[in-house]
Amino acid sequence: MSLPLSYLSWIKDTGAALTTKDGAPVKVFELLHTDDNAILSEWAKHFRNQYCNDTDIDFLREATGKSRTEYLDELKFPTKKGGFGPGTRSGDFAEILVSDYLEYISKYWVPRTRYDRKTIRNESTKGSDVLAFKIISNSDSPDDCLAMYEVKAQLSGRKAKAKLQEAINHSGKDNLRKAESLNAIRQRFYEVRNIQDANKIGRFQNPADRPYKDQYGAVALYENKIYDPLEASVSDTTAHPNKNTLSLIIIKSEGFMTLVNSLYKRAADEA
């Protein structure tokens, strides 16, 4: 399968057959990254453009007196050290990776409006982590789908925390946040006069009159050294109000936080 982003070929299904405490299946993937400069540069450009489009960066930076690299490092990207910076980095990275997976592998449409309007770079954007859409035709279809995914990451540390359970718990609240999240995305498209995509979002804002399918997801990302497959077996989806449409995923990788920091650095240096 040809993928628009080459790095996605590094995501491999481990084939592990894990289940939660209540018997829900959990897919396990591994990100087997390498030092391929061409692939990493392509990924870094895509990643950078989540925060600031390359066509906009010179206008945005010129009044600051900063270079492109300085502008991204000092005003746009979460910090590598200090406060909430590292946690925000890992969280943003995880959400963007899952967005790419849903868009380019699972063939959803994933609006990218979550990172370029941050007012505080070391804070996560409020609302559902990832919203993804499938629209069957130009006329409303009850088979159209809105997928809401919660993504939690532990890319460093000494012992695995219950990130999958945390994602499950947060996913259980996504239906309550859905209206606000949809409104924020539609408003963003309207602000840039992208009426076509604003109308795509509008299709999902009135489910009573224009019904569609809801899909929920909970994803946990782990550094290989702390990943514990038993974490899945003690997780529980029983309390999730939409457990029958809940997809559970774990993504693990070697040197995860080192990869994240190097990707941010490359994204800034190659701007």
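Here, every reference points to the structure presented above.
### Some words on the overall build of the chain
Helix and strand counts for the chain come out as nine helices and seven strands. In terms of C-alpha radius of gyration, the chain reaches 19 Å, essentially the compact-globule figure of 18 Å for 271 residues. For the chain, the spread of C-alpha atoms along the principal axes amounts to about 55 × 45 × 40 Å. A buried classification covers 48% of the 271 residues belonging to the chain. Across the chain, every contact between residues at least 6 apart in sequence was considered, and the portion connecting residues at least 24 apart equals 71%. With an accessible surface of roughly 13,400 Å², the chain has 50% of that area assigned to carbon and sulfur atoms. When the 40 basic and 38 acidic side-chain charges of the chain are each reduced to a single mean position, those positions are 2 Å apart.

### Comments concerning the packing of aromatic side chains
The way to describe two aromatic rings as a pair is by their centre distance and the angle between their planes. Scanning the model with the defined rule gives 17 aromatic pairs in all. Measuring from centroid to centroid gives 6.3 Å for Trp10 and Trp43, while their planes differ by 70°, and the two rings are edge-to-face. In this pair, Trp10 is assigned in the segment before strand 1 (11-13) and Trp43 in helix 1 (residues 37-51), connecting sequence segments 33 residues apart. We note that Trp10, like Trp43, is buried. Ring geometry for Phe47 and Phe93: centres 6.2 Å apart, planes at 50°, overall tilted. Of this pair, Phe47 sits in helix 1 while Phe93 sits in helix 4 (residues 85-105), placing them 46 residues apart in sequence. Take Phe47 and Phe93: they sit in the same class, and that class is buried. Every member of this aromatic cluster is reached through a ring pair, and the members are Tyr7, Trp10, Trp43, Phe47, Tyr51, Phe77, Phe93, Tyr115, Phe256 and Tyr264. Positioned above the aromatic ring of Tyr264 is the side chain of Arg89, whose terminal nitrogen or guanidinium carbon lies 4.3 Å from the ring centre. Lying across the ring of Tyr108, Lys134 places its NZ or CZ 4.5 Å from the centre.

Cut-off values and rules
Residues numbered from 1 in each chain as written. Predicted model: local features only at pLDDT ≥ 70, side-chain atom pairs only at ≥ 80, totals over all residues. Heavy atoms only, no water. Helix = DSSP H or I, 4+ residues; strand = E, 2+ residues; numbered from the N terminus. Rg over C-alpha atoms; globule rule 2.2 N^0.38 Å. Buried < 20%, exposed > 50% of the residue type's maximum accessible area, 1.4 Å probe, protein only. Contact = heavy atoms within 4.5 Å. Areas by Shrake-Rupley, 256 points an atom, 1.4 Å probe, with all protein chains shown as cover. Lys, Arg positive; Asp, Glu negative; His and termini not counted. Charge placed at Lys NZ, Arg CZ, Asp CG, Glu CD. Phe/Tyr/Trp six-rings, centres within 6.5 Å; stacked < 30°, edge-to-face > 60°. Lys NZ or Arg CZ within 6 Å of the ring centre and 35° of its normal.

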